[in-house]
Amino acid sequence: MIEVLKGGIMASIQDGGRPGYRSQGIPAGGAMDPLALAVANLLLKKPADAPAIEITFGQTQLRFKKAGWVALTGADLGASFNGEPITPGWRFKVEPGQILHFRQPKHGFRAYLALSGEIAAPKVLGSASVDLGSGFNKPLATGEELDWQPAGDFNGPLYVRVPETGRLRVLPGPEFQTFDKLAQGIFWHTDWKITADANRMGYRLAGPSLHRLVGDELPSHGVVPGTVQVPANGQPIILGVDAQATGGYPVFGVIVASDLWQMGQLGPGRQISFIPTTQDEARQAWQQHCDYLKHVEQYVAAN
Amino acid sequence: MNLTWSALGDRALVLTLDQCDTQAQRQLHWLAKQLAACQGVSETVPGMGNLTLLLESPACPMAPVAQKALALWQERPEAANVGKLHRIPVRYKGPDLHQVAEYTGLTEDKVIARHSQVVYEVAFVGFMPGFAYLTGMDKRLAMPRRAEPRLQVPAGAVAIAGQQTGIYPRQSPGGWQIIGYTDSPLFDINQRPPALLQPGDQIQFEVSRD
């Protein structure tokens, strides 16, 4: 068992999400930082997309009632374990009665706590992920108890370093050419501010206005997380993993798959900037992303 | 009718028709079915006059998938089959029925008759799980959204917005004009597929008196 002493802002079970249902109007969902989720799970020799706890911003407090192994990755949310500060990237053993306490972000925005063995979480369409917009499952609530059945033992604590966040690589989208040259230049050279209107569905950005050459209404089409839409007010919106499956705003560009995890580590008030890229570079970046995870898996197996 | 494609990032592409009518939309649904089993494609998402394909991985080359889609489009059947016909009983007692009658200059009975006498078709499903975008509504029933959206529209609400009509699969906020309610379950996570109304399906609303 794990007792939720404090639920915090938005702590929820997240996994690889529920892809494959967009034609049913269902978002893909899942961890906002799938890289941190994968590393946390791999540290415990679990599948990369297994369910873990996503802690947003902090304020969450958990008390373990059983002994077992856990792994913490993603943001540094000022966590302390049993009173001692603990940084993300670690696998460690917990004992009954010990408390993991997240305060507020020092670096990044979302932390991931993977648990060895199984956490009992209801699955909707094959995924334990909480999706508030669709009404699938619920965030962790203060006073709640999570049914945790620890399993497996490890040689000892282990640390893995996660890549740093930086500029996000963006591929031009279907409507890129309908923005004038000035708007295109502004987009790449602006340090956009993430507004308070930022959640798992999407981030509204504030900055100079992006002007379109044509103002025609567009028919809705399927979208993916990381899609950069620009509504009539010229202020971009980046779609998150819980964004609706189809959208009708002009698509300026799309964040490449290998950089999408960084969105999970950016919160309201933070600056964000973009860099243009090509399909070839995107494919190479994805290869590096996969190589990194393979490397983590091998490192854990060897230790 | 010309179909073109453009990349949507490194793991999806959008196929777009330069013009679209009911028959072309049906042919897009036919194309979606053909491509669903295609190598490298993980999801097909119909939209309005377009079809989005998600790749299994960014490592999958995009151009061959696009070429396959465009080649299949050339082989599309003249008259693509329509989907299942659903008869949906509606209690036409919505809180905005009166306003719709007033706005359109029709009597409430005429609004009900015009809404229930046509066969609608699901263009695509989006916005929320199981929400079907229906085409075919009588143009006389077109009406703007409510100035003040409701905080809670109940599941099963049948409503009008602009030239569209639809049914709310679950309770949610919403600005559409509610003209009636149905008890038909529109979304069930235990069903496969979970949405009752699938792209290409046909819908006939039936007046329910109870």
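Right above here is the structure, for reference.
Numbering of residues begins from 1 in every chain and follows the order in which that chain's sequence is written. For this description, chains carry letters from A and ligands carry numbers from 1, given in the order in which they are written. In keeping with the predicted nature of the model, local features appear solely for residues at pLDDT of at least 70, side-chain atom pairs appear and are counted solely at 80 or more, and the whole-chain, interface and lining totals rest on all residues. Hydrogen atoms and water are omitted, and side-chain values are computed over all heavy atoms in the structure.

Chemist: In this structure, what is going on with the sheet that holds strand S9 (residues 99-101) of chain A? I would like to understand it.
Modeler: What holds strands together in a sheet is hydrogen bonding between their backbones, with the strands either parallel or antiparallel. Residue and element names in this part refer to chain A. Overall, antiparallel pairing links the six strands, which are arranged S7-S6-S9-S4-S1-S12 in an open sheet. Two strands lie at the open edges of the sheet, namely strand S7 (84-85) and strand S12 (145-146), each paired on one side alone. Only when DSSP finds a minimum of two bridges between them are two strands counted as paired. Each helix corresponds to a stretch of at least 4 residues labelled H or I by DSSP, and each strand to a stretch of at least 2 residues labelled E; elements are numbered beginning at the N terminus. Where strand S6 (residues 80-81) lies against S9, two bridges are found, and the strand directions are antiparallel. Bridged to Ser80 within S9 is His101.

Chemist: Quick question: what am I supposed to make of the sheet that holds strand S8 (residues 90-94) of chain A here?
Modeler: Residue and element names in this part refer to chain A. On the basis of which strands lie adjacent, the open sheet formed by six strands has the order S2-S3-S10-S5-S8-S14 and antiparallel pairing. In this open sheet, the two strands that pair with only one neighbour each are strand S2 (10-14) and strand S14 (158-159). Two strands pair when backbone bridges link them, and strand S5 (residues 68-76) and S8 are joined in this way by five bridges, in the antiparallel orientation. Of the residues in S8, the one forming a bridge with Leu72 is Trp90.

Chemist: When you look at the interface of chain A and chain B in this model, what are you seeing that I'm missing?
Modeler: Note on interface size: it is often stated as the accessible area lost on association of the parts. Residue contacts follow a heavy-atom distance rule, with two residues in contact if any of their heavy atoms lie within 4.5 Å. Counting from both sides, the interface comprises 38 residues of chain A and, opposite them, 39 residues of chain B. Accessible area that two parts lose when put together, with a 1.4 Å probe and added across both, is what the buried area reports. Buried area between chain A and chain B, summed over both chains or domains, comes out near 2800 Å², and the portion from carbon and sulfur atoms is 59%. Put simply, a salt bridge is a Lys or Arg side-chain nitrogen that is within 4 Å of an Asp or Glu carboxyl oxygen. Linking chain A with chain B are one salt bridge, by the criterion used here. A:Arg22 is the salt-bridge partner of B:Glu43, the closest N and O atoms lying 2.8 Å from each other. Whenever two N or O atoms come within 3.5 Å, that pair is a polar contact, provided that in protein one can donate a hydrogen and the other can accept it, and provided that, for residues adjacent in sequence, both atoms are side-chain atoms. In this assembly, chain A and chain B are joined by 13 residue pairs in polar contact (both at pLDDT 80 or more). Those elements that place two or more of their residues in the side of chain A that touches chain B are strand S15 (168-172), strand S18 (221-222), strand S22 (251-255) and helix H3 (279-302) of chain A. Side-chain classes follow a simple rule in which Ala, Val, Leu, Ile, Met, Phe, Trp, Tyr, Cys and Pro form the nonpolar group, Asp, Glu, Lys and Arg form the charged group, and the remainder, Gly included, forms the polar group. A class-by-class count of the residues in the side of chain A that touches chain B yields 22 nonpolar, 14 polar and two charged.

Chemist: Got a minute to help me understand the packing of aromatic side chains in this structure?
Modeler: A ring pair, where both rings are aromatic, is described by two values, the distance of the centres and the angle of the planes. By convention, a stacked pair of Phe, Tyr or Trp rings (six-membered ring in the case of Trp) has centres within 6.5 Å and planes under 30 degrees apart, an edge-to-face pair has planes over 60 apart, and any other such pair is tilted. In total, this model carries 21 aromatic pairs over all chains according to the counting rule given. A centroid spacing of 5.3 Å and a plane angle of 80 degrees characterise the contact between B:Phe127 and B:Phe131, whose relative ring orientation is edge-to-face. Overall, B:Phe127 belongs to the partly exposed group, its relative accessible area being 35%. Taken together, A:Phe176, A:Phe179, A:Phe187, A:Trp188, A:Trp192, A:Phe252 and A:Phe274 form an aromatic cluster joined through their ring pairs. Each ring is checked for a lysine NZ or an arginine CZ that lies within 6 Å of its centre and within 35 degrees of its normal; such an atom marks a charge sitting over the ring. If you follow A:Arg91 out to its NZ or CZ, it ends over the ring of A:Trp69, 5.8 Å from the centre. Sitting above the plane of the A:Phe179 ring, A:Arg212 keeps its charged end 5.9 Å from the centroid. Buried residues are those whose accessible area, probed at 1.4 Å on protein chains only, stays under 20% of the maximum for their type, while exposed residues exceed 50% and partly exposed ones sit between those limits.

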